[in-house]
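Fold and geometry: a report
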Amino acid sequence: KKFQMVKVFHNGVAPACTVASCYQTALEIAIAENFKTIAFPCISTGVYRFPRERAARIALGVIESYLREGRYQGDVILCCFFEQDAEIYRRLMAGE
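Here's what I pulled together on the structure shown here. Owing to the predicted nature of the structure, the values given are computational and were not obtained by experimental measurement.

In this section: the overall build of the protein. Of the regular secondary structure elements, the protein holds 3 helices and 2 strands. The helix and strand sequence of the protein, counted from the amino end, reads α-β-α-β-α. Looking at the 96 residues of the protein, the share that counts as buried comes to 31%. Taking the intrachain contacts of the protein between residues at least 6 apart in sequence as the baseline, contacts between residues at least 24 apart amount to 69%. When the accessible surface of the protein is summed, it comes to about 6500 Å², and 56% of that surface belongs to carbon and sulfur atoms.

What follows is the structure in structure tokens.
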């Protein structure tokens, strides 16, 4: 199968709905292909300059809704290249 990446940006920054759509699309593919595990990087926070905390909130919101609603039942790995990103995820996942 072929997959195509599509980037949509405004003034160099992806809109929040586009960032959310990246996670949703990947999870839908994981469901359709019966993936047991999916890993996500911090989408759009590098060279595309999307705000790190906002991106993490979007990612967790989408991922949590898929898990809570039982749409995706596998494992999710959040891959953080920078410690700053990992700390944001730790803080948000702890409910802070």
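This is not the end of the story, as more comes after the structure.
Next up on the list: the packing of helix H2 (residues 52-68) against helix H3 (residues 83-93). For any two helices packed against each other, one specifies the crossing angle of their axes together with the interaxial distance. At a closest axis distance of 10 Å, the pairing of H2 and H3 adopts a crossing angle of 50 degrees. As the angle between them shows, H2 and H3 are arranged oblique. Where H2 crosses over H3, the two elements pack in a sense that is right-handed. Here Arg52, Glu53, Ala55, Ala56, Arg57, Ala59 and Leu60 of H2 lie close against H3, whose contacting residues are Gln84, Asp85, Ile88, Tyr89, Arg91, Leu92 and Met93.

The pairing of strand E1 (residues 37-40) with strand E2 (residues 75-78) spans 4 bridges and is parallel. Residue Phe40 lies in a different strand from E2, and its bridge partner there is Leu78.

The next point concerns the nonpolar core. Formed by 22 residues in total, the largest nonpolar core has its most connected members in Tyr23, Leu27, Phe40 and Tyr89. Where this core is concerned, the elements lending two or more residues are helix H1 (16-32), E1, H2 and H3. In terms of residues, this core owes the most to one element, H2, which gives 8 residues. Excluding its chain neighbours within four sequence positions, the residues that come into contact with Tyr89 are Tyr23, Cys42, Ala55, Ala56, Ala59, Leu60, Leu78 and Cys80.

What follows concerns the environment of Asp85. On the secondary structure map, Asp85 appears in helix H3. Between the alpha carbons of Asp85 and Ala56 there is a distance of 8.1 Å; along the sequence they are 29 residues apart. Beyond its immediate sequence surroundings of up to four residues, Asp85 is in contact with Cys42, Arg52 and Cys80. Here the side chain of Asp85 touches Arg52 through a polar contact of 2.8 Å, side chain to side chain.

What counts, and where the lines are drawn
Residues numbered from 1 in each chain as written. Predicted model: local features only at pLDDT ≥ 70, side-chain atom pairs only at ≥ 80, totals over all residues. Heavy atoms only, no water. Helix = DSSP H or I, 4+ residues; strand = E, 2+ residues; numbered from the N terminus. Buried < 20%, exposed > 50% of the residue type's maximum accessible area, 1.4 Å probe, protein only. Contact = heavy atoms within 4.5 Å. Areas by Shrake-Rupley, 256 points an atom, 1.4 Å probe, with all protein chains shown as cover. Axes fitted to C-alpha atoms, helices over the stretch in contact; angles between N-to-C directions. Parallel < 35°, antiparallel > 145°, perpendicular 65-115°, else oblique. Left-handed = near helix turned anticlockwise from the far one by under 90°. Pairing = 2+ DSSP bridges. Core = buried A, V, L, I, M, F, W, Y, C linked by side-chain atoms within 4.5 Å. Polar contact = N/O pair within 3.5 Å; in protein donor to acceptor, adjacent residues only side chain to side chain.

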